[in-house]
Amino acid sequence: MTTVTRPAPRLPFPNTVRWLLPVVLVLFFLAILIWLPWQARQMESSERQEQLIADTLWVEQTIRFQLGRHEEDLRGVGNEILAGASIARLHDRMASELKTGLELKRVRWVTPAGMVAASSDEAPLPQANLTPASRDAAERARRSRHAVYSEPGTQTVDPAGAPGAILMDYHLPLFRGETYLGSLVATYQLSAILDEMVPWWFAQDNQITLLDRDDRILARRAAAGPGHGVYTHKRALDLPGAAVTLMTDSVKSEPKLLPNLLVGSVIALSLALLWSLLALWGHISRRLAAEEALRQQMAFRTAMENSLVTGLRARDLEGRITYVNPAFSQMVGYPEEELVGRSPPMPYWAPEVMAEYQHRLANVLAGTVTPQFETIFQRPDGTRIPVLIFEAPLVDNEGRHTGWMGSILDISDRKRIEELNREHQEKLQASSRLATMGEIASMLAHELNQPLAAISSYTTGALNLLERPGVDGSVNAGTLKPALEQAGAQARRAGQIIRSVHEFVKKREPERQDVSVVSMVDSIRALIDLQARPHQVVFQTSIPANLPDVRADRMLIEQVLLNLTRNSIEAMSGMPPARRVLRVEAHHDVDAGQVAVNVIDCGHGIPQEVAERLFSAFFSTKAEGMGMGLNICRTAIEFHGGTLTHRDNPQGGTIFTFTLPASES
């Protein structure tokens, strides 16, 4: 018997799944149909809010621009008052301000006593009758010397505005030197500000309100009816002295869903073709608008570049000039048409620096540019002008290097100032040296008396020997020679002292050279000894034999050393003799590449209140001092790239330290 095996029966698909899946799909479809309009509504709502914010910001900037224009005009009126213009002239000028802006109701010049000195009114009142808020603003303007606005307020009787109008005063303080002449007061009517400064198209879509600091309504314009409170935005006008807020409330309500989604879908499909055509038209319109905006931007940039006082020059990769602005043409004296397209050498290159131009051009063509350098240009009449050039790669919008852009500044005035400063410093240094020589003149005379007296004694003795010859009638040369040698030594000593003074005070141009610290100290040792001897000060030096030379102007550094040692000697004049020791030490700072020199005394030290002004010009603790010694010392050291500082000596007194660059040789 054959057994037939039947397949097991399949379980039926669960009913729940069979009806749940279509329902879910339908609900999903309906949800999408509902979500898309809702999302569109939300996006439209957000766009409306963003557009309102942008328009409010534009309106606020428009109001501030108009108020700023009035402020500039009022400053011009204030300048005429300070220049002494007549009352009739001031009245005409103030009246013209009211014609240019209907939001301005009155302009008055109010004196400190509250009287009206001039006004835009045909028959002004003698008293200003300012409100308390306006008087407070006038006082704040007087104290700060800056123009301020008053807090807005209601004036029930106002010949310039409607009864009960809310007004705001702008106070411009007038000072002739330190004399306060009162305020130039411009009165604005806030409702007129909204009427005159807010564009009509914006007022048709929005209710515009001005609020005070407590959100009280100052003025309102609702050309299309009250706002719905759905789309609102506040923006402070940022008026100095007054808190006024611009609030906009759109008359548009929230967008609504379509009443029939299916009808809306059909309409949307039907309008798709029209939308595509409108989109194409919008694209063309935006393209034309973008081209117009680009033309305006190019015109603006051209006007901006033409107004610059900085010269602009563009060159291609081969060195040809592709662009110059009017400032550059005026600087070099050649018109634009003679420069654009020109290849090197350029007509404004000076002959004496032609090699420098050629070398720098070769580096530029090789791709190496010096970002900042100074050079000289030559005008057609042969005039040389020093210039400072900033140069950078010129890259197009695709990132390709197409040339080089340079900014050129005429630094003739700066060079003249630097030369005047240099001459002034040289005169101060020469004056300081002469003053130092004046102080030691008496000591110099005393010092020269000793060798001159010795010379006189030795020569007298030699003459006496010549008058008393020996038995055989001859003079003993061995007896005469020591006296003449001593006289010669004393003469050389006196000559050395005179040469030291002459070398120190003679004027010459600064000249940097490699010089040793030891030689500079030895050169002025005689002068230091002249100052130290009357005060019984012992002068000591501690300078290593292997100390490297410094790169400096010998005479300037010798002057610094002499000034510092003189101050140290005078600081120890009241100390016990055992403490009157002046030391000059030096060491090499290898890491910094500098040589540091210390001038150490054991004097009375420097009080804190004196130390704060020690290096200030014309500050001195001496009754006869000029107050320029230490200031000149610091200037001389900083001229060499070093520093001059001081600190307390642990053993009492002060240590002055200055640094100089070590010689590279």
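Residues numbered from 1 in each chain as written. Predicted model: local features only at pLDDT ≥ 70, side-chain atom pairs only at ≥ 80, totals over all residues. Heavy atoms only, no water.

**Student:** Can you walk me through the pairing of strand 7 (residues 206-211) in this structure?
**Tutor:** Each regular strand shows side chains that alternate between the opposite faces of the sheet. Within strand 7, 6 of the 6 residues are buried, leaving the element largely enclosed by the surrounding structure. Where burial is concerned, the two faces of strand 7 agree: the one with Asn-206, Ile-208 and Leu-210 and the one with Gln-207, Thr-209 and Leu-211 are both buried. Strand direction decides the pairing type here: strand 7 and strand 10 (residues 245-250), joined by 6 bridges, are antiparallel. Each residue of the ladder has a partner; that of Leu-211, found in strand 10, is Thr-245. As judged from the 4 bridges shared by strand 7 and strand 8 (residues 217-221), these two strands associate in the antiparallel manner. Counted as the bridge partner of Leu-210 is Ala-219 from strand 8. (Buried < 20%, exposed > 50% of the residue type's maximum accessible area, 1.4 Å probe, protein only. Helix = DSSP H or I, 4+ residues; strand = E, 2+ residues; numbered from the N terminus. Pairing = 2+ DSSP bridges.)

**Student:** Explanation requested: the nonpolar core in the structure shown.
**Tutor:** Looking at soluble globular proteins, one finds that nonpolar side chains tend to be buried together. Counting residues in each nonpolar core, the largest one holds 42 residues, and the members touching the most others are Met-94, Leu-184 and Leu-210. No other element matches helix 1 (residues 15-82), which puts 7 residues into this core. Look past the residues within four positions of Leu-210 in its chain and what remains in contact with it is Leu-190, Leu-194, Arg-216, Ile-217, Leu-218, Ala-219, Leu-237, Val-244, Thr-245 and Leu-246. Grouped together as the second largest cluster of nonpolar side chains are 39 residues, Leu-527, Leu-564, Leu-614 and Leu-660 included. (Core = buried A, V, L, I, M, F, W, Y, C linked by side-chain atoms within 4.5 Å. Contact = heavy atoms within 4.5 Å.)

**Student:** Please clarify how the packing of aromatic side chains should be interpreted in this entry.
**Tutor:** In this description, a pair of aromatic rings is defined by centroid distance and the angle of the planes. This model, assessed by the stated rule, comprises 9 aromatic pairs. Seen in terms of ring centroids, Trp-201 and Phe-202 are 5.9 Å apart; in terms of plane orientation they differ by 90°. Their pairing is edge-to-face. Using a relative accessible area of 37% as the deciding quantity, one classes Trp-201 as partly exposed. Relative accessible area serves as the criterion here: at 1%, Phe-202 is assigned to the buried category. One cation-aromatic arrangement involves Arg-145 over Phe-175; the distance from NZ or CZ to the ring centre is 4.1 Å. We note Arg-360 situated over the ring of Phe-373; from NZ or CZ to the ring centre the distance is 3.8 Å. (Phe/Tyr/Trp six-rings, centres within 6.5 Å; stacked < 30°, edge-to-face > 60°. Lys NZ or Arg CZ within 6 Å of the ring centre and 35° of its normal.)

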